[in-house]
Amino acid sequence: MENSIYGPYRDILPRIKDDFTERIRTFQRLEKEHTGYKICEHLLSRVKSEESMRQKLEKRGLKADYKNALTQIKDSIGIRIVCDFIDDIYKNVENLKNLSGVSVHEEKDYIHHAKPNGYRSYHMILVSEEPFGDVYGNTPGEFFIEVQLRTIAMDTWAALEHQIKYKKSIKNQNLITGELKRCADELASCDLSMQTLRNLIRESE
């Protein structure tokens, strides 16, 4: 355990991840029971790998220990919620903010304010109160959880962009970057059209 970047929290973080993920699934299930509509297509969660965490700490010039891993880096636990429609993203955001013992440390709406390259998503850094002592000796302790929320179109685009971004030897990089931006804008337009269609269908029911 002493060799783990997460130290004494190596086995605790997966438990926090699983419990928090179940809380999300619960409010999503209740939402469907109440409205008849699902607000999540699929949900993914992970504890950041040891290697990735060490690399991130090194990149920021931080000592590679569990205290920095859990306090200076805010995504040791990561959750991605992929939705069918844009409105579903904001319904999930609303429900996340209403969870007991959870507060928002940071949030960025890259849907209404897309990044220059066309990236769209809703990012949240949450602080969750958990029944474990944290690095400051508090029990219950507070732990950071990163949540990203996207539509299927946004998630597909992000996955493809990620592949291209890390291939340094690609020729015509500027052309590819421009095409990625164009595709992102077209997918965003499609998301808005699909949202409009669903709204019309709901109004006619």
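Keep in mind the model is a prediction, meaning the values are calculated, not measured.

Cut-off values and rules
Residues numbered from 1 in each chain as written. Predicted model: local features only at pLDDT ≥ 70, side-chain atom pairs only at ≥ 80, totals over all residues. Heavy atoms only, no water. Patch = residues over 30% accessible without salt bridge, like charges linked within 9 Å, V, L, I, M, F, W, Y side chains within 5 Å. Areas by Shrake-Rupley, 256 points an atom, 1.4 Å probe, with all protein chains shown as cover. Salt bridge = Lys/Arg side-chain N within 4 Å of Asp/Glu carboxyl O. Lys, Arg positive; Asp, Glu negative; His and termini not counted. Charge placed at Lys NZ, Arg CZ, Asp CG, Glu CD. Helix = DSSP H or I, 4+ residues; strand = E, 2+ residues; numbered from the N terminus. Buried < 20%, exposed > 50% of the residue type's maximum accessible area, 1.4 Å probe, protein only. Contact = heavy atoms within 4.5 Å. Polar contact = N/O pair within 3.5 Å; in protein donor to acceptor, adjacent residues only side chain to side chain. Pairing = 2+ DSSP bridges. Axes fitted to C-alpha atoms, helices over the stretch in contact; angles between N-to-C directions. Expected span 1.5 Å × (residues − 1). Phe/Tyr/Trp six-rings, centres within 6.5 Å; stacked < 30°, edge-to-face > 60°. Lys NZ or Arg CZ within 6 Å of the ring centre and 35° of its normal.

**Points about a positive patch on the surface**
Point 1. There is a patch of like positive charges on the surface, built from Lys-59, Arg-60, Lys-115 and Lys-165.
Point 2. Examined against the element boundaries, Lys-165 turns out to sit in helix H5 (residues 152-165).
Point 3. Assessed through its relative accessible area of 48%, Lys-165 is described here as partly exposed.

**A closer look at the pattern of salt bridges**
Oppositely charged side chains can pair when the atoms bearing their charge come close.
Point 1. Counted according to the given criterion, the structure contains 17 salt bridges.
Point 2. The partner of Lys-48 in a salt bridge is Asp-75, and the shortest N-O contact between them spans 3.2 Å. With a gap of 27 residues between them, Lys-48 in the loop between strand S1 (42-47) and helix H2 (50-59) and Asp-75 in the loop between helix H3 (66-71) and strand S2 (77-83) connect regions that are remote in the sequence. With respect to burial, Lys-48 and Asp-75 carry one shared label: buried.
Point 3. Between Lys-181 and Asp-185 there is a salt bridge, and its shortest N-O distance comes to 2.7 Å. One end of the pair is Lys-181 and the other is Asp-185, both in helix H6 (residues 173-204) and 4 residues apart, which spans about a single turn.

**Description of the environment of Arg-60**
Point 1. Locating Arg-60 in the fold gives a position in the loop between H2 and H3.
Point 2. Distance from Arg-60 to Val-102, taken between C-alpha atoms, is 27 Å for residues 42 residues apart in sequence.
Point 3. If near-sequence neighbours (up to four positions away) are discounted, Arg-60 is found in contact with Gln-72 and Ile-73.
Point 4. A polar side-chain atom of Arg-60 sits 3.5 Å from the main-chain carbonyl oxygen of Gln-72.

**Regarding the sheet that holds strand S4 (residues 122-130)**
Point 1. Across the sheet, which stays open at both edges, the 5 strands sit in the order S1-S2-S5-S4-S3 with mixed pairing between neighbours. The sheet is open, and its two edges are formed by S1 and strand S3 (102-109), each paired on a single side. Ignoring which end each strand starts from, the neighbouring axes of this sheet average 20° apart.
Point 2. As paired strands, S3 and S4 are joined by 7 bridges and run antiparallel to one another. For Asp-109, the partnering residue across the bridge sits in S4 and is Tyr-122.

**Some points on H6**
Point 1. With 32 residues, H6 should reach 46 Å at 1.5 Å per residue; the first-to-last C-alpha distance of 47 Å fits that figure.
Point 2. For H6, the secondary structure elements touched by its buried residues are helix H4 (86-97), strand S5 (141-151) and H5.

**Considerations on the packing of aromatic side chains**
Point 1. Counted by the stated rule, this structure contains 5 aromatic pairs.
Point 2. On the numbers, 6.5 Å between centres and 55° between planes, the contact of Tyr-119 with Trp-157 is tilted. Of this pair, Tyr-119 sits in the loop between S3 and S4 while Trp-157 sits in helix H5, and the two are 38 residues apart along the sequence. Side by side, Tyr-119 and Trp-157 carry an identical accessibility label, which is buried.
Point 3. Among the aromatic residues, those joined into a ring-pair cluster are Tyr-9, Tyr-66 and Phe-143.
Point 4. In this structure, Lys-74 is placed above the aromatic ring of Phe-144, and the distance from its NZ or CZ to the ring centre is 5.0 Å.
Point 5. Taking NZ or CZ as reference, Lys-115 lies 5.0 Å from the ring centre of Tyr-119, over its face.

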